[in-house]
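# Structure assessment
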Amino acid sequence: MLENKNAEINKLTSRADELVAQAEPELLRARLAELERQSSEPGFWDHVAEAKETSSLMAQLRDELAELSALKGLAADTTATHELALEADDEELYSEAIALIEKLDRALDEREVARWFDGEFDHSDVIVTITPGQGGLEAQDWTEMLFTMYLKFAEARGWKVDIHEAQAGESIGIDRAVFTLHGHNAYGMMRAEQGVHRLVRISPTDLKKRRQTTFAGVTILPVLPDDVEVDILDEDLRIDVYRSSGPGGQSVNTTDSAVRITHIPTGIVVTCQNEKSQHKNKDAALSILRARLYEVAREQRAAELEELRGPLSDISWGSQIRSYVLYPYQMVKDLRTGYEKGNVTAVLAGDIEGFILAYHRWVAAGCPDSARIKE
């Protein structure tokens, strides 16, 4: 006898209806129609900057309406699949219905959290940097594990990834990872990952199989829109080109394609080496440099740095935001929100959405004392 999930589905459907209504889709359609009318008028592109802004807003409105339509469609599909499964007593169809229930629940969670993404750059793409901390060579291995975790998270969400730097470590792992994630609310989502991540496990390099604690730091920066002004003078830059190191595809390690840019006044150094083209590496490095200089400028103007990346800490004991314990038990726990998950393998394979959603709920609630949330 298949379990009736009508009560759960009705609750989810009500949430979906409420969220769609709050977005006021009719007003969105009217606004889009007006902008489309304006864009069809002669001379629309005479003022390029304004035309680009209008086109961008039109794209956002279309995306919003498509997301609302998809949410309503998913709720309807979930209801219909569940009803058919019960009527036919079909276990395979019932399994599909359960999967749809879980998918709808996740979509509603994301929709609710997305309403809190009202920061200046929350809808932007994001630059992620992972740096080894305390733990010696094993910190480089931990850096690579986190790098893989974020790549798999991005893949599951359909985000595009541009890897700028992932240089192999001395013997294991990678020395540092720098990459850009392109996706819907990418910076807003990934703000939850800013901070120190701690790993506890049996050391794979220790012949005595002793427990090892390792740290890595994750820095999150938004990709700045083109209309954000950051003054970068050519005379302030030292640009070095060299041959890429570490694993790479054809031509990556055989030409001087890697680029290192040093901003002389601040001492900021940015390196990109994973593209075959020196030009592409330079463009990526300049994009990262713009983001970092913007961050520095905000820090100099006012105490607004935390809005972009949160407080900085040493990548060591006592400063971690999240612990990943593989031994003597298995548990991943966020020390800010209290959210924890026992399936460490799934987390390291990119299943971090629960931690991200819990973080944003925690922030929206005013960062209260950690609530004990388990999964």
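Now for a description of the structure that goes with this document. This structure is a prediction, so every number in the text was calculated from the model and none was measured.

### Some words on the overall build of the chain
- A count of helices and strands for the chain gives 10 helices and 12 strands.
- Per-residue burial for the chain yields a buried fraction of 44% across its 375 residues.
- Considering only contacts in the chain between residues 6 or more positions apart, those separated by 24 or more positions represent 65%.
- Carbon and sulfur atoms provide 49% of the accessible area of the chain, an area that totals close to 19800 Å².

### Examining unusual backbone geometry
- The omega angle of the peptide bond from Y327 to P328 is 10 degrees, so this bond is cis rather than trans.
- Tracing the backbone through its elements, the reader meets P328 in the loop between β9 (320-325) and β10 (331-334).
- In this model, N185 sits at a positive phi of 55 degrees, which is unusual for a non-glycine residue.
- On the basis of relative accessible area, N185 is assigned to the buried category, the value being 4%.
- Located in the positive-phi region is K209, a residue other than glycine, with phi close to 55 degrees.
- A residue is classified by how much of its surface remains accessible, and K209, at 51% relative accessible area, is exposed.

### Considerations on the side chain of T54
- Looking at the secondary structure, you find T54 in helix α3 (residues 48-88).
- For T54, the contacting residues outside a window of four places in its chain are L35 and F44.

### Some points on the layout of surface pockets
- In this structure, the largest pocket encloses a volume near 1300 Å³.
- Contributing to the lining of the largest pocket are 29 residues, with S56, L57, Q60, H123 and S124 lying nearest its centre.
- Taken together, the elements giving at least two residues each to the lining of the largest pocket come down to α1 (6-22), α3 and α4 (91-114).
- A total of 11 residues in the lining of the largest pocket trace back to one element, the largest contributor, which is α3.

### Things to note about the pattern of salt bridges
- Within the structure shown, the criterion is met by 23 salt bridges.
- Residue E138 is joined to R201 by a salt bridge in which the shortest nitrogen-to-oxygen separation is 3.3 Å. Of this pair, E138 sits in helix α5 (residues 137-157) while R201 sits in strand β4 (residues 195-202); the two residues are 63 residues apart in sequence, bridging distant segments of the chain. One exposure class covers both E138 and R201, and it is buried.
- Overlapping salt bridges, with partners in common, bring together R15, D105, D109, E112 and R361 in one network.

### What about the nonpolar core?
- V128, I130, L146, Y150, M190 and Y324 are the most contacted members of the largest nonpolar core, which has 62 residues in total.
- Considering every element that reaches this core, the biggest residue donor is α5, with 8 residues.
- Setting aside chain neighbours within four positions, we find V128 in contact with A177, V178, F179, L181, M190, V218, T219 and I220.
- Listed in part, the 20 residues of the second largest apolar core include L28, L68, L74 and L108.

### Observations regarding the packing of aromatic side chains
- Under the definition given, this model contains 7 aromatic pairs.
- Their ring planes at 85 degrees and their centres at 5.6 Å tell us that F121 and Y294 sit as a pair that is edge-to-face. Residue F121 is found in the loop between α4 and β1 (126-132), and its partner Y294 is found in helix α7 (residues 278-301); the two are separated by 173 residues along the sequence.
- An angle of 80 degrees between the planes, with centres 5.7 Å apart, marks the rings of F153 and W159 as edge-to-face. Each member of the pair, F153 as well as W159, carries the same accessibility label: buried.

### Describing the packing of α1 against α3
- Taken N-terminus to C-terminus, the directions of α1 and α3 make an angle of 165 degrees; their axes are 10 Å apart at the nearest point. The angle between α1 and α3 falls in the class roughly antiparallel. Our pair here, α1 against α3, has a crossing hand that is left-handed. Contact residues: N6, I9, T13, A16 and V20 in α1; L68, L71, K72, A75, T78, T79 and H82 in α3.
- Of the residues that constitute the contact of α1 with α3, the class distribution is 6 nonpolar, 5 polar and 1 charged.

How each quantity is defined
- Residue positions within a chain follow its written sequence, with the count starting from 1.
- Since the coordinates come from a predicted model, pLDDT governs what is reported: local features require at least 70, and pairs of side-chain atoms require 80 or more to be given and counted, while whole-chain, interface and lining totals use all residues.
- As a rule here, side-chain values come from all non-hydrogen atoms in the structure, and water together with hydrogens is ignored.
- Only DSSP runs of H or I reaching four residues or more are called helices, and only runs of E reaching two or more are called strands; each is numbered from the N terminus.
- Exposure classes here rest on a 1.4 Å probe applied to the protein chains alone. A residue is buried below 20% of its type maximum, exposed above 50%, and partly exposed in between.
- In what follows, a contact means two residues having at least one pair of non-hydrogen atoms within 4.5 Å.
- Accessible surface area values rest on a Shrake-Rupley calculation with a 1.4 Å probe, where residue burial reflects the displayed protein chains alone.
- In this analysis a 1.4 Å probe is tested at points of a 1 Å grid over the protein atoms alone, and where it fits but cannot get out there is a cavity; an open set with protein on both sides within 12 Å along at least five of seven lines is a pocket; lining residues have an atom within 4 Å of a point.
- Grid points are joined across faces, edges and corners, and a volume is the space filled by probe spheres set on the points.
- Any carboxyl oxygen of Asp or Glu that lies within 4 Å of a side-chain nitrogen of Lys or Arg is treated as forming a salt bridge with it.
- Only buried residues count toward a nonpolar core, which is a set of Ala, Val, Leu, Ile, Met, Phe, Trp, Tyr and Cys residues joined through side-chain atoms within 4.5 Å.
- Here the aromatic set is Phe, Tyr and Trp, taking the six-membered ring for Trp, and pairing holds for ring centres within 6.5 Å; pairs whose planes are under 30 degrees apart are stacked, those over 60 apart are edge-to-face, and all others are tilted.
- In this analysis an axis means a line fitted to C-alpha atoms, helices contributing only their contacting stretch, and an angle means the value between N-to-C directions, from 0 to 180 degrees.
- Our angle categories are set so that under 35 degrees counts as roughly parallel, over 145 as roughly antiparallel, 65 to 115 as roughly perpendicular, and the remainder as oblique.
- A crossing counts as left-handed when the near helix is turned anticlockwise from the far one by less than a right angle, and as right-handed when that turn is clockwise.
- Gly falls in the polar group here, along with every residue not listed as nonpolar (Ala, Val, Leu, Ile, Met, Phe, Trp, Tyr, Cys, Pro) or charged (Asp, Glu, Lys, Arg).

By themselves, these observations are geometric and do not establish any function.
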